[in-house]
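Listed below, chain by chain, are the residues.
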Amino acid sequence: MKQFQSGIIDAIPAHAEYLYFTLQQDTSTSPLQSTVQAIAEHADGKHFVLGLGYDLCQKLGLKISALRNFDIEANPSNPEATSTTKLNADLWCWLRAEERGDLLDMQRQVLAILEPHFSLAHQVSAFRYREGRDLTGYEDGTENPVDEDALNTAFINDINSPLHGSSFVAVQQWQHQMQTFHAMNNTEQDHIIGRRKSDNEELDEAPSSAHVKRTAQESFTPEAFVLRRSMPWSQQSQSGLLFAAFATSFDAFEAQYKRMLGYEDGISDGLFRISRPINTHYFWCPPIHNGKIQVR
Ligand code: HEM
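What you see is a predicted model, and the numbers here were worked out from it, not measured in a lab.

(A) Region of interest: the overall build of the chain. Helix and strand counts for the chain come out as eight helices and 11 strands. For a compact globule of 296 residues, the expected C-alpha radius of gyration is about 19 Å, and the chain comes in at 19 Å, within 12% of that figure. Expressed along its principal axes, the backbone C-alpha trace of the chain runs to roughly 55 × 40 × 40 Å. Evaluated residue by residue, the chain yields a buried proportion of 52% over its 296 residues. Partitioning the intrachain contacts of the chain with sequence separation of at least 6 by distance along the chain shows that 77% fall at a separation of at least 24. Here the chain has roughly 13,800 Å² of accessible surface; of this, 47% comes from carbon and sulfur atoms. Side chains of the chain give 25 positive and 38 negative charges; the mean places of these two sets differ by 3 Å.

Right, here's the structure in full:
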């Protein structure tokens, strides 16, 4: 039997809804515990992946040592590479479906369980674009670990630990400047990513600001592997990537992101020329024991 939320490892769905909730201040411990228990029983981990934030876990008395709040500021020497606000959410729902209408039904059920004590603070509607590409047209996820490596990257694997099957996700919403991107010629675009859009070939001659040169997972010490499960989003005339990196801690994400911001060598990631992060959240995705998500 699977001991992790399998939606994390499954392929990207056609549609998704990301719901971020904050706890209402006046909620006392007992209704809080029963509401979190109710949503954990409702989430199946496959079509509904559940994450809990640091502040909520503190209130519930859960000691999850790897869990913390996001707190990385932009590098003052590289002001063009902006970081994001420190707004934290207590509870995160990643609803996944092949039909847009199913998400509506799922969201209604989630709100009915949570709304007495949680407020919906932020929502992002996301979708699969051209078999898993970013809105810039580049294939996303090529260098993701696969099979056993993917499981070992994304989930704590220690049967003696109560956290066995847990994952930690960094969720970062990026907003693209599509006009700026489309005004660039093919070579300029390819040099921002470090891959050729036409055939996904990695480009040795790309500058060291190229995104895949910044984030090459084997180039960190220790190696910084994550399982990326990002999805494009759009709302009115704005659009971008809902970046999500699952791992056994936030260390790999932070190492990559700090290098993107230019903390290591003063070179910021080319992506900042065409996109910018607008919010970042960290969550613990609890394990599944006996077929149920376990928050205790
Ligand atoms: C606008 C936001 C972003 C876009 C459009 C984007 C797009 C891409 C693309 C097209 C690739 C190459 C194909 C692949 O291996 O998946 C890639 C690779 C990668 N990206 Fe991003 N990415 C974004 C943000 C981030 C962030 C914030 C991080 C981590 C802090 C990150 C980490 C990685 C990693 C680890 C790789 C694989 C590098 C390797 O080992 O070769 N990306 N990304």
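Following the structure, the description resumes.
(B) Representation of the coordination of the iron atom of the ligand. The protein gives the iron atom of the ligand a lone donor atom, His211 (NE2), placed 2.0 Å from the metal. Mapped onto the elements of the fold, histidine 211 is located in helix H7 (residues 211–215).

(C) Examining the site of the ligand more closely. In the vicinity of the ligand there are 26 residues, among which Gly141, Glu143, His211, Gln217 and Arg228 approach most closely. In the environment of the ligand, an oxygen atom lies 2.9 Å from a nitrogen or oxygen atom belonging to the backbone of glutamate 143. The separation between an oxygen atom of the ligand and a polar side-chain atom of glutamine 217 is 2.8 Å. Counting only elements with at least two residues in the shell around the ligand, the list comes to strand E5 (167–176), H7, strand E8 (238–247) and helix H8 (251–260). Broken down by element, the residue count for the shell around the ligand peaks at four residues, all from H8. Partitioned by chemical class, the residues of the shell around the ligand number 11 nonpolar, nine polar and six charged.

(D) Spatial organisation of the pairing of strand E3 (residues 91–97). E3 sits mainly inside the fold: seven of its seven residues count as buried. Side chains Leu91, Cys93, Leu95 and Ala97 project from E3 onto one buried face, and the interleaved Trp92, Trp94 and Arg96 project onto a second face that is buried too. Note that strand E1 (residues 15–23) and E3 share seven bridges and pair antiparallel. Pairing of tyrosine 18 across the sheet is with tryptophan 94, part of E3.

(E) The packing of helix H1 (residues 29–42) against helix H3 (residues 100–114), seen in detail. One way to put it is that H1 packs onto H3 with a least axis distance of 9 Å and a crossing angle of 160 degrees. When the axis of H1 is compared with that of H3, the two are roughly antiparallel. By crossing handedness, the relation of H1 to H3 is classed as right-handed. For the pair H1 and H3, the contacting residues are Thr35, Ala38, Ile39 and His42 in the first and Gln109, Val110, Ile113 and Leu114 in the second. Tallied by class, residues from the contact of H1 with H3 come to five nonpolar, three polar and no charged.

The rules we used
Residues take numbers from 1 onward in each chain, read along the sequence in its written order. Only residues with pLDDT of 70 or above have their local features reported here, since the model is predicted, and side-chain atom pairs are shown and tallied only from 80 upward, although totals for entire chains, interfaces and linings are computed over all residues. Excluded from the side-chain calculation are hydrogens and water; included are all heavy atoms of the structure. Every helix listed is a DSSP run of H or I at least four residues long, and every strand listed is a run of E at least two residues long, numbered separately from the N terminus. Between the two quantities, the radius of gyration covers C-alpha atoms and the globule rule is 2.2 Å times the number of residues to the power 0.38. The buried label goes to any residue with under 20% of its type's maximum accessible area, the exposed label to any with over 50%, and the partly exposed label to all in between, with areas taken from a 1.4 Å probe on protein chains only. Two residues qualify as a contact provided that any one of their heavy atoms is within 4.5 Å of a heavy atom in the partner residue. Every accessible area reported is derived by Shrake-Rupley at a probe size of 1.4 Å, with residue values counting cover from the shown protein chains alone. Within this scheme the basic residues Lys and Arg register as positive and the acidic residues Asp and Glu register as negative, but His and the chain ends are omitted. Where a charge lies is defined by one atom per residue type: Lys uses NZ, Arg uses CZ, Asp uses CG and Glu uses CD. Any N, O or S atom lying within 2.8 Å of the metal counts as a donor, and for Na, K and Ca the limit rises to 3.2 Å; water is left out, so some sites can look incomplete. Whether a residue is near a molecule or strand depends on its heavy atoms: if one lies within 4 Å, it is near. Nitrogen and oxygen atoms within 3.5 Å of one another constitute a polar contact, given that in protein one can donate a hydrogen and the other can accept it, and given that sequence-neighbouring residues count only through two side-chain atoms. For this classification, Asp, Glu, Lys and Arg are treated as charged, while Ala, Val, Leu, Ile, Met, Phe, Trp, Tyr, Cys and Pro are nonpolar and the rest, including Gly, are polar. Any two strands with at least two DSSP bridges between them are considered paired. For every element, the axis is a line fit to its C-alpha atoms; helices are fit only across the contacting stretch, and the angle between N-to-C directions ranges from 0 to 180 degrees. Roughly parallel means an angle under 35 degrees; roughly antiparallel, over 145; roughly perpendicular, 65 to 115; everything else is oblique. Crossings are assigned a handedness: left-handed for a near helix turned anticlockwise from the far helix by less than a right angle, right-handed for a clockwise turn.

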